[in-house]
Amino acid sequence: MSIRVRCHCGKLQGELDTGAVAARARCYCKDCRAFARYLGNEAEILDGAGGTEVAAALPSGLRFTQGLDQLACMSLSPKGLYRWYAACCRTPIGNTPRDPKVAYVGLVRACLDATPAELDAQLGSSLINANTESAYRKVDKKPLATAVALVKIGSKLMAARFGGGYRNNPFFESGSATPVRQPQVISKEERARLY
């Protein structure tokens, strides 16, 4: 089964194999909020406590089918995560480590073209909460669900690393650690403004 991945204007599109998803989460970190501000889409991306919903997945499960020229990348610091978005309408796509050998993408809910009921049916309804100490208000930590999700994510990462699945990553040039788009690393001043 797959879920359609789509920016808001429809120029960038793709498909996500639901078998590549290890967990769903809401991340309340300051960096995810800064990314939403950078895109100018806070109201759409963040929940009432300042969290961003993501699907933790293997990049090999994502395939772009249209508009790859619209894919853009930024980073909040010289060593920070790569944060991917559609340049055409500034829809967030996901976050990846800088090292493609760590086969992970946190796909932002805003690009998943499915209703909440469809997501629950295909990915499960359980969401963990990460970085709750940075939330705007008290958010349950869900320690047991988080532990289970971390085991699932870790298992998928290890399988991709040792099985070679990390090589199939649409965010990096084939067989290299070179991102398919030159990341824009923002200045310290802009980062401070976004925080």
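Definitions and limits used
- Residues numbered from 1 in each chain as written.
- Predicted model: local features only at pLDDT ≥ 70, side-chain atom pairs only at ≥ 80, totals over all residues.
- Heavy atoms only, no water.
- Helix = DSSP H or I, 4+ residues; strand = E, 2+ residues; numbered from the N terminus.
- Contact = heavy atoms within 4.5 Å.
- Pairing = 2+ DSSP bridges.
- Axes fitted to C-alpha atoms, helices over the stretch in contact; angles between N-to-C directions.

1. A few points about the environment of Leu194
At step 1: In this fold, Leu194 is placed in helix α5 (residues 188–194).
At step 2: Considering only alpha carbons, one finds Leu194 and Ser155, 39 residues apart in sequence, at a separation of 34 Å.
At step 3: With sequence-adjacent residues up to four places away left out, Leu194 is seen in contact with Ala34, Arg37, Tyr38, Leu76 and Ile186.

2. Digging into the sheet that holds strand β1 (residues 2–6)
In sheet architecture, strand pairing relies on hydrogen bonds along the backbone and comes in two forms, parallel and antiparallel.
At step 1: Reading across the sheet, the 3 strands line up as β1-β2-β5 and stay open at both edges, with antiparallel pairing between neighbours. In this open sheet, the two edge strands, each paired with only one partner strand, are β1 and β5 (62–66). Along the sheet, successive strands turn relative to each other by an average axial angle of 25°, direction set aside.

3. Overview of the sheet that holds strand β8 (residues 91–96)
At step 1: In space, the 8 strands of this open sheet follow the order β10-β3-β4-β9-β8-β7-β6-β11, with mixed pairing throughout. Across the chains shown, the open sheet's two edge strands, defined by having one partner strand only, are β10 (127–130) and β11 (184–185).
At step 2: Here β8 runs beside strand β9 (residues 105–108); their pairing, made up of 2 bridges, is antiparallel. Paired with Gly94 across the bridge in β9 is Leu107.
At step 3: Here helix α4 (residues 143–163) sits on the sheet and contacts β3 (21–27), β4 (52–57) and β10; the angle it forms with β3, its principal contact strand, is near 130°.

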